[in-house]
Protein chains: 2
Amino acid sequence: MYKVKVFVTLRESVLDPQGKAVTHSLNALNYKEVTDVRIGKYMELTVEKSERNIDEVINEICTSLLANPVIEDYRYEVEECVAQ
Amino acid sequence: MYKVKVFVTLRESVLDPQGKAVTHSLNALNYKEVTDVRIGKYMELTVEKSERNIDEVINEICTSLLANPVIEDYRYEVEECVAQ
């Protein structure tokens, strides 16, 4: 069994209005030291072992469902777990 | 300057309908090996140095704005950057 952590972030060149809103809110709450916020997604997948390579499966899943490759980048970490 | 990565996840005991929907979609797309998905948030903050301790600031920000401590857990990583 694998635990896969997927991080999806907007590409650097893409504007992030949600992040801008959070930055403004934090500045209004008097956290003036925060100059920028970028919002992304974080997903934890539990994946059973199969005959297919885990990297191949995760890359397919990310590009087809979890991330929009036109405006988003993704990276992931795979952790192998021993089933109890 | 600090780059802070914040990960906000639903507590283990809290149901995650969005994650369940993604699990069902992946199973329908024939990725039967995916048994569970939990969705969280990922945020990258750029924080200037100030007289306040960075951990204190980030903990305050997370509990007051970025995470709902009733149903969510958060963790973060601080990376110190040299301004160019």
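Coordinates for the structure precede this section.
Residues numbered from 1 in each chain as written. Chains lettered and ligands numbered in written order. Predicted model: local features only at pLDDT ≥ 70, side-chain atom pairs only at ≥ 80, totals over all residues. Heavy atoms only, no water.

S.K.: How would you sum up the interface of chain B and chain A? Please name residues and give values.
M.R.: Tallying the contact residues gives 33 residues for chain B and 33 residues for chain A. Summing both partners gives a buried area of about 2,800 Å² for chain B against chain A, and 63% of it is carried by carbon and sulfur. Per-residue buried area on chain B facing chain A is highest for Tyr-31, Glu-33 and Tyr-42 of chain B; these three make up 23% of the total on that side. Across the chain B-chain A interface, the total number found is zero salt bridges. Counting every contact that joins chain B to chain A gives 14 residue pairs in polar contact (both at pLDDT 80 or more). Residues belonging to the side of chain B that touches chain A are distributed by class as follows: 16 nonpolar, seven polar and 10 charged. For strand β2 (residues 34-47) of chain A and strand β2 (residues 34-47) of chain B, the ladder comprises 13 bridges, and the chain directions are antiparallel. (Contact = heavy atoms within 4.5 Å. Buried area = accessible area lost by both parts, 1.4 Å probe. Salt bridge = Lys/Arg side-chain N within 4 Å of Asp/Glu carboxyl O. Polar contact = N/O pair within 3.5 Å; in protein donor to acceptor, adjacent residues only side chain to side chain. Nonpolar A, V, L, I, M, F, W, Y, C, P; charged D, E, K, R; others polar. Pairing = 2+ DSSP bridges. Helix = DSSP H or I, 4+ residues; strand = E, 2+ residues; numbered from the N terminus.)

S.K.: How would you sum up helix α2 (residues 54-66) of chain A? Please name residues and give values.
M.R.: Here α2 of chain A contains 13 residues, and its C-alpha end-to-end distance of 16 Å is more than 12% below the 18 Å for a straight helix at 1.5 Å per residue. For α2 of chain A, the set of buried residues is Ile-54, Val-57, Ile-58, Ile-61, Cys-62 and Leu-66 of chain A. Viewed end-on, α2 of chain A has its buried residues packed into an arc of 130 degrees, placing them on one side of the element. Considering only its buried residues, α2 of chain A is in contact with β1 (2-10), β2 and β3 (72-80) of chain A together with α1 (17-28) and β2 of chain B. The opening residue of α2 of chain A, the one whose side-chain oxygen lies 2.8 Å from the backbone nitrogen of Asp-55 of chain A, is Asn-53 of chain A. (Expected span 1.5 Å × (residues − 1). Buried < 20%, exposed > 50% of the residue type's maximum accessible area, 1.4 Å probe, protein only. Arc of directions from axis to C-beta.)

S.K.: How would you summarise the environment of Ser-64 of chain B if you had to cite specific residues and measurements?
M.R.: Residues and elements named next belong to chain B. The residue Ser-64 is located in helix α2 (residues 54-66) in this model. In this structure Ser-64 comes out as partly exposed when scored by relative accessible area, which is 46%. Of the polar contacts made by the side chain of Ser-64, one reaches the backbone oxygen of Glu-60; its length is 2.8 Å.

S.K.: Just give me the short version of the pattern of salt bridges, but keep the residues and values in it.
M.R.: Under the definition given, this model contains 16 salt bridges over all chains. Here Asp-36 of chain A ties to Lys-20 of chain A by a salt bridge, and the two come within 3.2 Å at their closest N and O atoms. A residue pair is termed long-range when its members are at least 10 positions apart, and Asp-36 of chain A in strand β2 and Lys-20 of chain A in helix α1 (residues 17-28) qualify at 16 residues. The partly exposed category is assigned to Lys-20 of chain A, whose relative accessible area is 45%. The salt bridge involving Glu-60 of chain B is made with Arg-52 of chain B; its shortest N-O contact spans 2.6 Å. Each of Arg-52, Glu-56 and Glu-60 of chain A takes part in salt bridges that share partners, so that together they form one network.

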